[in-house]
Amino acid sequence: MNESNFADLSGPIVNQAPVNPVPEPLPPKKNNKLLLNFFVLLLVFVALLGAYWWGKNSQTNQSKSTLESEQEITIKEPMVEQKYDRTELLFTKLIEDPSGNGNSSSEAWLLDLATNQTSKLDLPQVASVFKYPKSPLVFFTQLNNENTISVKNLLTNEVKQYQVINHPNPEVREGVTINGLNEISPDGKRVIYSVFFSKACPPIDLESLPPGFEGGFGPCEPEPDPNLPGGYYLYDFVSQSNTYLGGVALVSLWDLEDQKLYFNDIDRNQGLKVLDLETKEVKLFDRAQTFGYGAFPMLKSNFLVKVEGETGDVVGQQSTSILSLTDLSNGSKKILDSGRWADIQPFASIAPDESKFLYLRTKLDGQGRAFGSLHLYELSTGKLEQVTPDSFVNSYSIHGYWLDNNNFITTVNESSSNYDGYNNYLVKIDLQEGLISKLSEQKIRAFVQN
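Residues numbered from 1 in each chain as written. Predicted model: local features only at pLDDT ≥ 70, side-chain atom pairs only at ≥ 80, totals over all residues. Heavy atoms only, no water.

S.K.: Help me get a handle on the sheet that holds strand 13 (residues 260-265), residues and values and all.
M.R.: Sheets are built from strands that pair by backbone hydrogen bonding, the pairs being arranged parallel or antiparallel. The strand order across the open sheet built from four strands is 12-13-14-15, with neighbouring strands paired in antiparallel fashion. Where the open sheet ends on each side, the last strands, each with one partner, are strand 12 (249-255) and strand 15 (282-287). Averaged over neighbouring strand pairs, the angle between their axes works out to 25° when direction is ignored. Examined bridge by bridge, strand 12 and strand 13 share six bridges and lie antiparallel to one another. Bridge pairing links Leu253 to Tyr262 in strand 13. (Pairing = 2+ DSSP bridges. Helix = DSSP H or I, 4+ residues; strand = E, 2+ residues; numbered from the N terminus. Axes fitted to C-alpha atoms, helices over the stretch in contact; angles between N-to-C directions.)

Right under this line is the structure:
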């Protein structure tokens, strides 16, 4: 406590001499017996009165002490987060820009898995929006508020806004985007976002353009700031601080138990990195040896799922894509699947208990079109199997949500020859029974990917 809050008691103490009382005259003599009875009654009355006030004061003090104790417990007890008793899938619908300027936005909707009912979320026009199905927190960005990430709590309807990054040049715009649900930590305390800095382009000399020129201009970028590069950042909502991750950083695993984040740094082809969420120290976990690289740790079973690919465009290099499983305890590597370049996409989705994982395999038809399907690998049996039929590469998405260890929710695109990127439906894949069921007849824009 600040000492200035106390009164000044440092002055000298004045010693006062005792004052002798003036003697009073003696009272006249009275009947001693009568006087004695009077004093006895008086003492009894005083005793009864004292007992009454002592009891009342004691009860009051006890009540006050109990109240203060209860208030102290209430104040010191941490806020307990209410449990969210619903499992809701958040998806978006495309809203076209009526002006025709191409600034389309999304509406956010919820699908309650228990009732199969859909409801529109009360949000402004969003650029990106995500929510974990069993969490009340909705994370979103807006087109007209480019450096801000907002968080809405569905239990309280409270919205908090965080200006996650500010360029020192006021003329520069900060284009902040959350690219997927996986970029939000499962506890809602951190988010990874990408930012692109832009500014107004200089005037165009129309006379200098070649005849018949058609096209647009911009966006124009400012001079690079070495202290604030564009790319991917980790933002901590508690400390409201940023950590730069690189030009392109794709989340591989949130290990909240050990406070670690694993991500693939593909901007400089460096490989799988691990960030200590407390110290912000970054270390290289696995170095990339090829161009097409993606690695996904399975920490419970001590394995590393890895996809490595080469285009074959370099002299002496073959077109390859290889899916492998590395035992982290001894470094031994087992090849699970292989093909030509891009036959196996550099993504994997691992079940919560790490008993299995999904990956995306593609192939070309006679007309050079890419067809793809999800494949499953079981650790206990070492068995590989195809779990979705062949379709366009953008059909069954590898980016989804594990409802449990055997049910994977994702999107399927039902376009035919004319591909429509927004013609998607939510589906649940039962990996144990081998069943695929559509969860809603509504066409959606996106589920867990922007």
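S.K.: Can you lay out the sheet that holds strand 18 (residues 320-327) for me, pointing to particular residues and giving the numbers?
M.R.: Strand order in the open sheet made by the four strands is 16-17-18-19, with antiparallel pairing throughout. At either margin of the open sheet sits one strand with a lone partner, and together these are strand 16 (292-298) and strand 19 (333-339). Strand-to-strand twist of the sheet, defined as the mean angle between neighbouring strand axes without regard to direction, takes the value 15°. Both strand 18 and strand 19 contribute to a ladder of six bridges, which runs antiparallel. Opposite Leu325, over in strand 19, you have Lys334 as the bridge partner.

S.K.: Give a detailed account of the pattern of salt bridges, specifying residues and quantitative values.
M.R.: Within this structure, the stated rule accounts for 13 salt bridges. Put simply, Glu88 and Lys131 hold a salt bridge, and the shortest N to O gap is 4.0 Å. Within this pair, whereas Glu88 is found in strand 1 (residues 88-95), its partner Lys131 is found in the loop between strand 4 (126-130) and strand 5 (137-142), the two being separated by 43 residues in sequence. Both residues of the pair, Glu88 and Lys131, count as buried. (Salt bridge = Lys/Arg side-chain N within 4 Å of Asp/Glu carboxyl O. Buried < 20%, exposed > 50% of the residue type's maximum accessible area, 1.4 Å probe, protein only.)

S.K.: So what's going on with the pairing of strand 18? Residues and values would help.
M.R.: Within strand 18, six of the eight residues are buried, which leaves the element mostly enclosed by the surrounding structure. In the sheet, strand 17 (residues 303-310) pairs with strand 18 via eight bridges, with the strands oriented antiparallel. Bridged to Glu310 within strand 18 is Thr320. Hairpin geometry of strand 18 and strand 19 is characterised by an intervening segment of five residues between the two adjacent antiparallel strands and by a positive phi of about 80° at Gly331.

S.K.: For the pairing of strand 21 (residues 356-364), give the residues involved together with the corresponding values.
M.R.: Burial analysis of strand 21 places seven of its nine residues in the buried class, the great majority of the element. Of the strand pairs in this sheet, strand 20 (residues 344-350) and strand 21 are connected by four bridges, and their pairing is antiparallel. Looking across to strand 21, one finds that Ile350 is bridged to Phe357. The turn linking strand 20 back onto strand 21 is made up of five residues, and Glu354 within it adopts a positive phi angle of 60°. Pairing of strand 21 with strand 22 (residues 370-378) involves nine bridges; the strand directions are antiparallel. Bridging across to strand 22, Thr362 finds its partner in Gly372.

S.K.: Break down the state of the cysteines for me, with residues and values.
M.R.: In protein structure, a disulfide is the covalent linkage between the sulfur atoms of two cysteines. This model, assessed by the stated rule, comprises one disulfide. Shown here is the disulfide that connects Cys201 with Cys220, its sulfur atoms set 2.1 Å apart. Between Cys201 and Cys220 the disulfide shows an S-S torsion of about 110°. By sign, it is right-handed. Taken as a pair, Cys201 in the loop between strand 9 (190-198) and strand 10 (231-236) and Cys220 in the loop between strand 9 and strand 10 lie far apart in primary sequence, 19 residues in all. Residue classification places Cys201 among the partly exposed residues on the basis of a relative accessible area of 30%. (Disulfide = S-S within 2.5 Å.)

S.K.: Hey, could you go over the nonpolar core for me, with residue numbers and the actual values?
M.R.: Membership of the largest hydrophobic core comes to 33 residues, with the highest contact counts inside it found for Ile149, Val164, Ile165, Tyr193, Phe237, Leu426 and Phe447. Secondary structure elements with two or more residues in this core: strand 1, strand 2 (105-112), strand 5, strand 6 (145-153), strand 9 and strand 10. With four residues, the top contributor of residues to this core is strand 9. When neighbours within four sequence positions are excluded, Phe447 is seen to be in contact with Leu89, Leu90, Phe130, Tyr401, Ile409, Thr410, Thr411 and Leu426. With 15 residues, the next largest nonpolar core counts Leu374, Leu376, Ile398 and Tyr425 among its residues. (Core = buried A, V, L, I, M, F, W, Y, C linked by side-chain atoms within 4.5 Å. Contact = heavy atoms within 4.5 Å.)

S.K.: Quick one: what's the story with the environment of Ser135, residue by residue and with numbers?
M.R.: With respect to the secondary-structure elements, Ser135 resides in the loop between strand 4 and strand 5. With 53 residues separating them in the primary sequence, Ser135 and Gly188 have C-alpha atoms 8.7 Å apart. Within the structure, Ser135 has its side chain in polar contact with the backbone nitrogen of Leu137 (distance 3.2 Å). (Polar contact = N/O pair within 3.5 Å; in protein donor to acceptor, adjacent residues only side chain to side chain.)

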